[in-house]
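Coordinate inspection notes
Chain residues, written in single-letter form:
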Amino acid sequence: MIVFHDPAEVPDGFGPSVVAIGKFDGVHSGHRAVIDRARVDAATTDARVVAVTFDRNPLALLRPDLCPDDLIGVHQKVQLLAETGVDAVLVLRFDRELADLSPRDFVERVLVTALGACTVLVGGDFRFGRGGAGDPEMLRTLGREFGFDVDVVDDVRAVGAGRRVSSTWIREVLAEGDVESAAKLLGRPASVWGEVVHGLKRGRELGFPTANLSPDSEGFIPADGVYAGWLIDEGSANGLRSGVRYPAAISIGVNPHFDDVERRQVEAYVLDESDLDLYGHRVEVQFVRRIRGMAAFEGLEALVAQMNDDVGRVRAALS
């Protein structure tokens, strides 16, 4: 898959393209419905399938007071979009210059000149151009002028809940620690991604060495507690990739037993591994099931007993 970060990077004659546009925060089931439709539309032509997205939520610039936390970071987004089978991703930098483009200028610069769009797919709530003046109907009007079709893809709805799949809904269930419901909405396990850094090494002293993720890791962190999940080693900073997946007991929180951790931490204890060296490695931590909430314990003996119980429950959850 090709990744572009500016329309100017797209080579001349790149099109024709079938283009799916959106924030794609989470690349959840609803987003993939748009991309799947794009792939179908391109199946009988020589067109490439291109996902156009942004390096941040536009609200981060336009209304930071209303901007929610991202479900995924840019690295995760590009990786997940690659897994959908698109031919290319254009990650637009959402800065003041882009925000101030008129709908017509956005279409002409990005969709027509750079990508040679023959079909453009969006969701029903898609807005574009200065002040969000553009909507799907305006996009259709511009499409007739510039020679591309517009396909508005219906929402994916959960029948039982009577609610459309959305990033907002997924954030809600993750904030409750319900990673199993989040996985159903995402179509994959919820996860965070980042570099393994040195911690206080208390886990190692207690017999449960953990991989601590950097505070600037990407991804929406679920509610505090202990989770069953997987740690996937994406490799070290020197570019080596292992792709090994390890079963893990994952702790999220500020460690109330010791009461000296100021920021929420994500720590993963890889089951049955006592000398695994992951420092400096990029890893993905996937959440499968919440085992319990976070709690303080009276004495190290009670804490170690609980950790042993947690590991047993994690092992059962992953079997």
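As shown above, the structure is provided for reference.
Notes on the structure follow.

Reading the values: the criteria
- Counting restarts for each chain: residues are numbered from 1 in the order of the written sequence.
- Local features in this predicted model are restricted to residues of pLDDT 70 or higher, and side-chain atom pairs are both shown and tallied only at a pLDDT of 80 or more, whereas totals for entire chains, interfaces and linings draw on every residue.
- Hydrogens and water molecules were not included; the side-chain quantities draw on all heavy atoms of the structure.
- In this text, helices come from DSSP runs of H or I with a minimum length of four residues, and strands from runs of E with a minimum of two, each type numbered from the N-terminal end.
- Here the globule rule reads 2.2 Å times residues to the power 0.38, and the radius of gyration is calculated from C-alpha atoms.
- Note on exposure labels: buried denotes an accessible area under 20% of the residue type's maximum, exposed denotes more than 50%, and partly exposed covers the range between, all computed with a 1.4 Å probe on protein chains only.
- Contacts are assigned to residue pairs that have any heavy atoms within 4.5 Å of one another.
- Residue exposure ignores everything except the shown protein chains as possible cover, and the areas themselves are Shrake-Rupley values with a 1.4 Å probe.
- Throughout this description, the term salt bridge denotes a Lys or Arg side-chain nitrogen within 4 Å of a carboxyl oxygen of Asp or Glu.
- By the convention used here, strands pair only if DSSP detects at least 2 bridges between them.
- A fitted line through C-alpha atoms serves as each axis, taken over the contacting stretch for helices, and the angle formed by two N-to-C directions is quoted from 0 to 180°.
- Reported orientations rely on four angle classes, namely roughly parallel under 35 degrees, roughly antiparallel over 145, roughly perpendicular from 65 to 115, and oblique for the rest.
- Crossings are sorted by hand: turned counterclockwise from the far helix by less than a right angle, the near helix makes the crossing left-handed, and turned clockwise it makes it right-handed.
- Using a grid of 1 Å spacing that covers the protein atoms alone, one calls a set of points a cavity when a 1.4 Å probe fits there but cannot get out, and a pocket when the set is open and has protein on both sides within 12 Å along at least five of seven lines; lining residues are those with an atom within 4 Å of a point.
- Grid points are joined across faces, edges and corners, and a volume is the space filled by probe spheres set on the points.
- Here the term charged refers only to Asp, Glu, Lys and Arg, the term nonpolar to Ala, Val, Leu, Ile, Met, Phe, Trp, Tyr, Cys and Pro, and the term polar to all other amino acids, Gly among them.

1. Some thoughts on the overall build of the protein chain
For the protein chain, the count of helices and strands is ten helices and 14 strands. The C-alpha atoms of the protein chain give 22 Å as radius of gyration, which agrees with the globular expectation for 319 residues (20 Å, within 12%). Reported as C-alpha extents along the three principal axes, the dimensions of the protein chain are approximately 75 × 45 × 35 Å. For the protein chain, the proportion of its 319 residues judged to be buried stands at 47%. Taking contacts inside the protein chain between residues at least 6 apart in sequence as the whole, the part at least 24 apart equals 73%. Within the structure as shown, the protein chain displays about 15,400 Å² of accessible surface, and the carbon and sulfur contribution to it stands at 48%.

2. Some thoughts on the pattern of salt bridges
Evaluation of the coordinates by the stated rule reveals 17 salt bridges. Ionic pairing is found between Arg 93 and Asp 95, a salt bridge with its closest N-O pair at 3.9 Å. You can call Asp 95 partly exposed: its relative accessible area is 23%. The partner of Arg 140 in a salt bridge is Glu 137, and the shortest N-O contact between them spans 3.6 Å. One end of the pair is Arg 140 and the other is Glu 137, both in helix 6 (residues 136-146) and three residues apart, which spans about a single turn. Through salt bridges with shared partners, a single network forms among Asp 55, Arg 56, Arg 93 and Asp 95.

3. Considerations on the pairing of strand 4 (residues 88-92)
On a regular strand, each side chain points to the face opposite its neighbour's, so the side chains alternate between the two faces of the sheet. Extensive coverage of strand 4 is indicated by the burial of five of its five residues. Here strand 4 shows no split at all, with Ala 88, Leu 90 and Leu 92 on one side and Val 89 and Val 91 on the other all buried. Where strand 3 (residues 48-54) lies against strand 4, five bridges are found, and the strand directions are parallel. From the neighbouring strand, Val 50 faces strand 4, where its bridge partner is Ala 88.

4. With respect to unusual backbone geometry
Note that the residue after Gly 15, namely Pro 16, is joined by a cis bond; omega there is 5°. Examined against the element boundaries, Pro 16 turns out to sit in the loop between strand 1 (2-4) and strand 2 (17-21). Even without a glycine there, the phi angle at Phe 24 is positive, about 55°. Residue class for Phe 24 comes out buried when judged on its relative accessible area of 2%. Even without being a glycine, Val 27 presents a positive backbone phi close to 45°. Secondary-structure assignment places Val 27 in the loop between strand 2 and helix 1 (29-42). We classify Val 27 as buried; its relative accessible area is 2%.

5. As for the packing of helix 7 (residues 167-175) against helix 8 (residues 179-186)
A pair of packed helices is captured by two measures, namely the crossing angle of their axes and the spacing between those axes. Running from N to C, helix 7 and helix 8 point in directions that differ by 160°, and their axes come no closer than 8 Å. As far as their axial angle goes, helix 8 and helix 7 are roughly antiparallel. For the crossing formed where helix 7 meets helix 8, the hand is left-handed. For the pair formed by helix 7 and helix 8, the contact residues are Trp 169, Ile 170, Val 173 and Leu 174 on the first element and Val 179, Ser 181, Ala 182, Leu 185 and Leu 186 on the second.

6. Some remarks on the layout of surface pockets
Empty space among the atoms becomes apparent when a probe as large as a water molecule is rolled across them. Approximately 980 Å³ is the volume found for the largest pocket. Lining of the largest pocket is provided by 42 residues; of these, Gly 22, Lys 23, Asp 125, Phe 126 and Arg 127 occupy positions nearest its centre. Counting residues per element, the ones that place at least two in the lining of the largest pocket are helix 1, helix 2 (59-62), helix 4 (96-99) and helix 7. In terms of residue count, helix 1 provides more of the lining of the largest pocket than any other element does, four residues in total. Here the second largest pocket defines a volume of roughly 360 Å³. Lining the second largest pocket are 18 residues, and of these Ser 214, Pro 215, Ile 221, Arg 263 and Arg 264 sit closest to its centre. Of all the secondary-structure elements, those providing two or more residues to the lining of the second largest pocket are strand 9 (190-197), strand 10 (211-213) and strand 13 (265-270). In terms of residue class, the lining of the second largest pocket is made up of eight nonpolar, five polar and five charged.

7. Focus: the environment of Gly 160
Along the chain, Gly 160 falls in the loop between strand 7 (157-158) and strand 8 (163-164). For the pair Gly 160 and Thr 45, spaced 115 residues apart in the sequence, the C-alpha separation amounts to 37 Å.

8. What about helix 3 (residues 74-83)?
Every buried residue belonging to helix 3 is among Gln 76, Lys 77, Val 78, Leu 80 and Leu 81, and all of these are buried. Those residues of helix 3 that are buried are in contact with strand 1, helix 1, strand 3, strand 4 and strand 9. Gly 85 sits one or two residues past helix 3 and shows a positive phi near 95°.

9. Quick notes on the sheet that holds strand 1
The strand order across the open sheet formed by six strands is 1-4-3-2-5-6, and the pairing between neighbours is parallel. Two strands in the sheet have a free side with no partner beyond their single neighbour: strand 1 and strand 6 (149-153). Strand-to-strand, the axes of this sheet are offset by a mean angle of 20°, without reference to chain direction. By the bridge criterion, five bridges tie strand 2 to strand 3 in an arrangement that is parallel.

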